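# An overview of the molecular structure
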Protein chains: 2
Amino acid sequence: MDLKTCLKKMQLVGVLAFATVDKDGAPQIRNISAIHYESDALYFYTARGKNFCQELLEDGRVQILCYTKYKEMIRLSGKAYAVREEEQEKWRDTIFEEQPYLANVYPGNTRSIGIIFCIDQGEVEYFNLGVNPIFRETYSLGNAIIREKGYVITDACIGCGKCEKLCPQRCIERGTPYKINQQHCLHCGNCYENCPVQAIMRK
Amino acid sequence: MDLKTCLKKMQLVGVLAFATVDKDGAPQIRNISAIHYESDALYFYTARGKNFCQELLEDGRVQILCYTKYKEMIRLSGKAYAVREEEQEKWRDTIFEEQPYLANVYPGNTRSIGIIFCIDQGEVEYFNLGVNPIFRETYSLGNAIIREKGYVITDACIGCGKCEKLCPQRCIERGTPYKINQQHCLHCGNCYENCPVQAIMRK
């Protein structure tokens with residue numbers, strides 16, 4: 001898997017879930033399909049009157065989730081910003097051209113109630129529960145720094161092998177110390193909870 | 001539409017998007033399908049080692065989004081809590097029985113790394129962009145109070161009719177004052193922005 005294929009899959013799925021945080025710090029989520037894809041960025045449209053738009057203008061942090069028919073999850077985390085005034089119309093018209101149904105929702109000039117936001121920096125996580133063992137990988141969009149998640153076995157490992165036996169995905173390899181194969185890890189925490197010498201750390 | 005049908009549709013769609021807020025106040029979203037439905041509550045399973053689980057234990061606020069093949073969005077907002085210790089096993093086994101694929105992800109006893117959470121109070125919003133005009137309605141799960149959103153035309157309305165003409169969904173009716181048909185409102189804000197006497201308020 002790679003970034004380009006992930007973006008292509010998001011485009012094919014079409015309707016994605018966008019999560020933001022509202023003024024009370026509560027999670028907010030909704031489906032968005034008015035999205036245009038470039039190789040290094042995505043642009044999307046929403047109306048200025050919606051809470052979604054306020055949340056983007058005030059905070060901007062957004063996570064986008066795509067679920068494919070092959071049981072793949074693709075998740076983009078980034079910060080959205082409103083594109084410059086002089087570029088608004090161009091991207092708005094591009095999106096309305098690519099997605100003719102939008103003209104039913106916002107007919108005629110009413111489309112001008114919308115703003116175009118862009119995300120060109122972020123992390124893209126790929127997670128596939130449909131394969132055995134499960135598979136995950138993370139890619140960078142723009143120059144975003146990837147924040148690693150999950151667990152790691154430290155040098156405090158005594159090599160007892162308990163973690164290896166208890167791992168639901170059998171993704172821990174023997175060694176000194178034992179090693180978690182990060183691409184196949186669920187992040188379930190079973191090794192972490194059961195290590196007799198607390199040699200496993202959360203990243 | 002009604003609450004019962006919304007819960008049924010969520011169950012039929014199966015894989016839903018769950019949004020929470022992490023320790024940095026950032027939005028987090030992922031797909032969850034390990035869900036059991038009762039008529040007045042839903043129960044779901046996740047592993048203790050996942051960030052998702054930490055976010056539920058620390059904050060608990062969650063929004064769940066369901067998108068049907070008929071272009072309906074169903075959104076449940078509520079607070080999740082871990083069910084009592086003595087009920088954990090019962091619900092866990094129920095979910096693993098209903099969804100046999102889970103045993104591939106968490107084989108044998110490894111399922112004990114998971115916790116069951118419950119949501120029995122919340123708002124359920126139904127939003128259908130696939131009909132013309134669009135349609136929305138909100139229902140209460142448990143005894144949750146529904147927080148109204150959108151816009152309302154106040155008595156300051158001078159009856160000029162500008163909002164009616166500019167509404168993309170033509171959901172504003174003449175009268176004294178004019179009135180927004182809330183079931184068909186996009187919450188786009190076009191009336192609000194263009195009212196010449198600022199008679200329209202955000203709820």
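Residues numbered from 1 in each chain as written. Chains lettered and ligands numbered in written order. Predicted model: local features only at pLDDT ≥ 70, side-chain atom pairs only at ≥ 80, totals over all residues. Heavy atoms only, no water.

## Observations regarding the pairing of strand β6 (residues 72-79) of chain A
All names here are of chain A. When you tally the buried positions in β6, you get 7 out of 8 residues, the bulk of the element. Where strand β5 (residues 61-67) meets β6, 7 bridges bridge the pair, whose relative direction is antiparallel. Bridge pairing in β6 links Leu65 to Arg75. Adjacent in sequence and paired antiparallel, β5 and β6 are bridged by 4 residues, among which Lys71 carries a positive phi angle near 65 degrees. Strand direction decides the pairing type here: β6 and strand β9 (residues 122-128), joined by 7 bridges, are antiparallel. (Buried < 20%, exposed > 50% of the residue type's maximum accessible area, 1.4 Å probe, protein only. Helix = DSSP H or I, 4+ residues; strand = E, 2+ residues; numbered from the N terminus. Pairing = 2+ DSSP bridges.)

## Description of a negative patch on the surface
Among the surface-exposed residues, A:Glu38, A:Asp40, A:Glu97 and A:Glu98 lie close enough to one another that they form a single negatively charged patch. Here A:Glu97 lies in helix α3 (residues 85-98). (Patch = residues over 30% accessible without salt bridge, like charges linked within 9 Å, V, L, I, M, F, W, Y side chains within 5 Å. Areas by Shrake-Rupley, 256 points an atom, 1.4 Å probe, with all protein chains shown as cover. Salt bridge = Lys/Arg side-chain N within 4 Å of Asp/Glu carboxyl O. Lys, Arg positive; Asp, Glu negative; His and termini not counted. Charge placed at Lys NZ, Arg CZ, Asp CG, Glu CD.)

## Focus: the packing of aromatic side chains
Scanning the entire structure with this criterion turns up 18 aromatic pairs over all chains. Cluster of aromatic residues (ring-pair linked, three or more members): A:Phe18, A:Phe44, A:Phe52 and A:Phe117. (Phe/Tyr/Trp six-rings, centres within 6.5 Å; stacked < 30°, edge-to-face > 60°.)

## Brief notes about the relation of the copies chain B and chain A
For the pair chain B and chain A, the superposition axis carries a translation of 0.0 Å, the fit reaches an RMSD of 0.0 Å, and the rotation angle comes to 180 degrees. Such a turn and shift between the copies fits a two-fold axis. A share of 100% of the interface residues of chain B reappears at the interface of chain A, consistent with the copies meeting face to face through the same patch. (Least-squares fit on C-alpha atoms with pLDDT ≥ 70 in both. Contact = heavy atoms within 4.5 Å.)

## Some remarks on the nonpolar core
Soluble, globular proteins show a tendency: their nonpolar side chains are buried together. Grouped together as the largest cluster of nonpolar side chains are 48 residues, with contacts concentrated most on A:Tyr45, A:Tyr106, B:Tyr45 and B:Tyr106. When neighbours within four sequence positions are excluded, B:Tyr106 is seen to be in contact with A:Pro168, A:Leu186, A:Cys188, B:Tyr45, B:Ala47, B:Lys50, B:Phe96, B:Arg111 and B:Ile113. (Core = buried A, V, L, I, M, F, W, Y, C linked by side-chain atoms within 4.5 Å.)

## Examining the domain arrangement of chain A
Residue and element names in this part refer to chain A. According to the domain assignment, chain A consists of domain 1 (3-141) and domain 2 (151-202). On a C-alpha basis, the centres of domain 1 and domain 2 stand 36 Å from each other. Contacts between the two partners involve 8 residues from domain 1, matched on the other side by 7 residues from domain 2. Of the roughly 650 Å² buried where domain 1 meets domain 2, counting both sides, 50% is carbon and sulfur surface. Put simply, domain 1 and domain 2 have 0 salt bridges between them. (Domains from an automatic or database assignment. Buried area = accessible area lost by both parts, 1.4 Å probe.)

## Re the interface of chain B and chain A
With 50 residues of chain B at the contact, the number on the chain A side is 50 residues. Each partner contributes to the roughly 4100 Å² buried at the junction of chain B and chain A, and carbon and sulfur atoms together form 53% of this total. Together, B:Pro27, B:Ile29 and B:Asn31 form the three largest contributors to the area buried by chain B at its contact with chain A, with a combined 16%. Here chain B is connected to chain A by 4 salt bridges.

## Brief notes about the sheet that holds strand β8 (residues 114-119) of chain A
Strand pairing in a sheet relies on backbone hydrogen bonds. The paired strands run either parallel or antiparallel. Residues and elements named next belong to chain A. Spatially, β3-β4-β8-β7 is the arrangement adopted by the 4 strands of the open sheet, whose pairing is antiparallel. What marks the edges here is a single partner per strand, and that holds for β3 (35-38) and β7 (81-82). Packed on one face of the sheet, helix α1 (residues 3-13) meets β3 and β4 (41-47) and runs near 155 degrees to β3. (Axes fitted to C-alpha atoms, helices over the stretch in contact; angles between N-to-C directions.)

## Structural notes on the side chain of A:Asn128
Residues and elements named next belong to chain A. Mapped onto the fold, Asn128 is located in strand β9. A distance of 2.7 Å separates the side chain of Asn128 from the backbone nitrogen of Gly130, its partner in a polar contact. Not counting the four nearest positions on each side in its chain, Asn128 is found in contact with Tyr70, Lys71, Glu72, Ile134 and Phe135. (Polar contact = N/O pair within 3.5 Å; in protein donor to acceptor, adjacent residues only side chain to side chain.)

## Quick notes on the pattern of salt bridges
Scanning the entire structure with this criterion turns up 24 salt bridges over all chains. For B:Arg84, the salt bridge identified is with B:Glu87, shortest N-O distance 3.3 Å. When its relative accessible area of 25% is taken as the criterion, B:Glu87 is described as partly exposed. In this structure, B:Glu148 and B:Lys203 form a salt bridge, with 2.9 Å as the shortest nitrogen-oxygen distance. With B:Glu148 in the loop between β10 (135-141) and β11 (151-153) and B:Lys203 in the segment after β14 (200-202), this pair connects stretches of sequence that are 55 residues apart. Given a relative accessible area of 57%, B:Glu148 falls into the exposed group. A relative accessible area of 40% places B:Lys203 in the partly exposed class. Residues participating in the shared-partner salt-bridge network are A:Arg75, A:Glu125 and A:Lys149.

## Description of the environment of B:Ile35
All names here are of chain B. Among the structural elements, Ile35 can be located in strand β3 (residues 35-38). The exposure class assigned to Ile35 is buried, which follows from its relative accessible area of 4%. In this structure the C-alpha to C-alpha distance between Ile35 and Gly14, which are 21 residues apart in sequence, comes to 7.9 Å. Here Ile35 is in contact with Gly14, Leu16, Phe18, Leu42, Tyr43, Phe44, Ile95, Glu98 and Gln99, once residues within four sequence places are set aside.

## What to know about the state of the cysteines
What we call a disulfide is simply a covalent bond connecting the sulfur atoms of a pair of cysteines. Residue and element names in this part refer to chain A. Applying the stated criterion across every chain yields a total of 0 disulfides over all chains. No disulfide involves Cys6; its nearest neighbouring cysteine sulfur is the one of Cys66, lying 8.4 Å away. Of the cysteine sulfurs around Cys118, a residue in no disulfide, the closest is that of Cys53, at 15 Å. (Disulfide = S-S within 2.5 Å.)

## Quick notes on helix α2 (residues 51-58) of chain A
Residues and elements named next belong to chain A. Taken together, the buried positions of α2 are Phe52, Cys53, Glu55 and Leu56. Buried residues along α2 cover an arc of 160 degrees about the axis, so they all sit on one side. Residues of α2 that are buried make contact with β1 (16-21), β2 (27-32), β4, β5 and β8. Directly after α2, the chain includes Gly60, whose backbone phi takes a positive value near 90 degrees. (Arc of directions from axis to C-beta.)

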